[in-house]
Amino acid sequence: MLSANKHLPRHSISIELTDENWELLDRIPQLLKEENCLETDENEKVVDWREPEVLKKEFDFSIGQPLPLSEKELEKICRQVMRYSVKTSHPNFHNQLFSGLCPSALGAAWITEALNTSSYTYEISPVFTLMEEAVMKYILNLIGFPNGDGLFCPGGSISNMFGLISARFKFDPDLKKKGLFGLSGPLVVFTSEESHYSLLKSAHWMGIGTENLITIKTNDKGQMIPEELTMEIQKAYTEGKKPFMVNATSGTTVLGAFDNLTEIGHICKRYNIWMHVDACLGGSVLFSHKHRPLLDGIELADSVAFNPHKTMGVPLQCSLFLVKEKGFLDACNSSHADYLFQQDKFYDVSYDTGDKSIQCGRKVDVFKFWLMMKSHGEAEISHLIDHSFACAHYLAGKLRVNDGFRLVIDRFEYTNICFWYIPRKFRDVEEENEEWWDNIYETVLKIKEKMVVQGTLMIGYAPLPNKNIGNFFRMVVTAHSRPTRDSMDFILREIERLGEEDSE
């Protein structure tokens, strides 16, 4: 019989087990400050960039040494990790849909990591179970689901997959037991051509098939065109297909567009199709009195996904999935595992919420969001969201009047501001032909490389193939780190500097 550890090296060293050394934990907060990971100074680099092969030489990634490292050696490793990582709390980090951190929420994350528990039964997670119940009730009321339910998920992609799973169960509960075999026609999902790629992956993972994810054309703002949706639904029925879900997007990944939820909601009701709203990005306007109308009609949905870890600055990961109907998640996802969800426990087992999730082990992400809400209060959260919008509008205004920049679209609904930089040598040309645009698209890549290598700024870029548009910068303004007009002005100055660097 082969030994189970036949691949492990044999060591002749004899060591005596000692107590775990907890002293390093006392140093971690100080190390984070010393390495500028928390309140990162704007004069520091966003990232100390190294190419992969260079970083492999400067950092020992190997494991499997026979003896434990000393506390001094471990501290050195921790410093290296911090030093060579991207400082997402840097005021000039705008590369993703998230940046920065709410300090109280970070503190909550540290506590939950130390407690190392899981949200599946009240027995193992009493405080966080009740906390999740309170948060869900609060958000459900904001959405307009007074009798709904919800849970925290490991990211927006999984929250969107919960939407598809829920819609499929509503379409035919027997599919939970029998699967997709024997259907007279394929199940089909409808979504915007600018929606998140997680819908495509969910269609694959759930056996629906990526060809049965039907994309709907968008207008110049990036919003789904309701008339096109109606036409595609009717076409699907004519072809013998089975429409079961429409995914509407509130805050598209690139342009930050908000689909018309009221019109889409009426269409879904007319055809008796589940309406899911991917508000992973734009859901933060739930807290804004000024911008809340962007989500008008969300109460017509059957399910909603929302990520507070994006605009609001809750530490990754923090994602909610919410449904309109109480008890629906249990019916859809429960498996009644009798070794975990016993019905003869000494307490009220209705507080054992894990069976309504597809996970077993589930991190207690709720505390990060809950403590952030407690530390700021409703009014300040609303102000943080509105301030992000104000800074985004300020940036767009500056771009609009600067000859060196050009907006991709004239007006943006969210805090995503998309634009090009036009180097001086490409201005005042007779014709902006295909070659000219290729140069502008290439300029984006050159500036992007320079900003990362020099460590001065990080902004993402994207194309829009469905609109025949090549690469442009996608600047995303978030509540943390706190944006200012000065930080917006720096973006323009730095891109202009990098764009003209080495220019003839």
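Above this note sits the structure.
If you're wondering where the values come from, they're calculated on a predicted model, not measured in any experiment.

**Concerning the overall build of the protein**
Okay, so step 1: Within the protein, the regular secondary structure consists of 15 helices and 12 strands.
Okay, so step 2: Taking 504 residues into account, the globule formula puts the C-alpha radius of gyration at 23 Å, and the protein, at 25 Å, falls close to it.
Okay, so step 3: Reported as C-alpha extents along the three principal axes, the dimensions of the protein are approximately 80 × 75 × 55 Å.
Okay, so step 4: Expressed as a percentage of its 504 residues, the buried residues of the protein come to 50%.
Okay, so step 5: One finds the centroid of the 54 positive side-chain charges in the protein at a distance of 2 Å from the centroid of its 71 negative side-chain charges.

**Quick look at the packing of helix α9 (residues 226-238) against helix α10 (residues 261-271)**
Okay, so step 1: The N-to-C vectors of α9 and α10 enclose an angle of 20 degrees; their axes lie 10 Å apart at closest approach. As the angle between them shows, α9 and α10 are arranged roughly parallel. α9 and α10 meet at a crossing whose hand is right-handed. Judged by residue contacts, P226, E227, L229, T230, I233, Q234 and Y237 of α9 engage E263, I264, I267, R270 and Y271 from α10.

**Here we look at helix α15 (residues 485-500)**
Okay, so step 1: The end-to-end C-alpha distance of α15 is 23 Å, a good match for the 22 Å that 16 residues give at a rise of 1.5 Å each.
Okay, so step 2: Of the residues making up α15, those classed as buried are S487, M488, D489, I491, L492, E494, I495, L498, G499 and E500.

**Looking at the pattern of salt bridges**
Okay, so step 1: Taken as a whole and assessed by the stated rule, the structure comprises 26 salt bridges.
Okay, so step 2: Here D352 ties to K345 by a salt bridge, and the two come within 2.8 Å at their closest N and O atoms.
Okay, so step 3: For K345, a relative accessible area of 16% corresponds to the buried category.
Okay, so step 4: Between R497 and E501 there is a salt bridge, with its nearest N and O atoms 3.2 Å apart.
Okay, so step 5: By relative accessible area, R497 is classed as partly exposed at 36%.
Okay, so step 6: Under the relative-accessibility criterion, E501 is labelled partly exposed at 25%.
Okay, so step 7: Overlapping salt bridges, with partners in common, bring together R27, E34, E35, E75, R79 and R83 in one network.

**Remarks on the packing of aromatic side chains**
Okay, so step 1: Inspection of the entire model under this criterion finds 23 aromatic pairs.
Okay, so step 2: Seen from their ring centres, F59 and F61 are 4.5 Å apart, and the 25 degrees between their planes marks the pair as stacked.
Okay, so step 3: We classify F59 as buried; its relative accessible area is 10%.
Okay, so step 4: Between F258 and Y414 the ring centres are 5.8 Å apart and the planes differ by 50 degrees, which places this aromatic pair in the tilted class. Of this pair, F258 sits in the loop between β5 (242-249) and α10 while Y414 sits in the loop between β9 (405-407) and β10 (416-421); the two residues are 156 residues apart in sequence, bridging distant segments of the chain.
Okay, so step 5: For F258, a relative accessible area of 2% translates into the label buried.

Here is what the cut-offs are and how they apply
- Residues numbered from 1 in each chain as written.
- Predicted model: local features only at pLDDT ≥ 70, side-chain atom pairs only at ≥ 80, totals over all residues.
- Heavy atoms only, no water.
- Helix = DSSP H or I, 4+ residues; strand = E, 2+ residues; numbered from the N terminus.
- Rg over C-alpha atoms; globule rule 2.2 N^0.38 Å.
- Buried < 20%, exposed > 50% of the residue type's maximum accessible area, 1.4 Å probe, protein only.
- Lys, Arg positive; Asp, Glu negative; His and termini not counted.
- Charge placed at Lys NZ, Arg CZ, Asp CG, Glu CD.
- Axes fitted to C-alpha atoms, helices over the stretch in contact; angles between N-to-C directions.
- Parallel < 35°, antiparallel > 145°, perpendicular 65-115°, else oblique.
- Left-handed = near helix turned anticlockwise from the far one by under 90°.
- Contact = heavy atoms within 4.5 Å.
- Expected span 1.5 Å × (residues − 1).
- Salt bridge = Lys/Arg side-chain N within 4 Å of Asp/Glu carboxyl O.
- Phe/Tyr/Trp six-rings, centres within 6.5 Å; stacked < 30°, edge-to-face > 60°.

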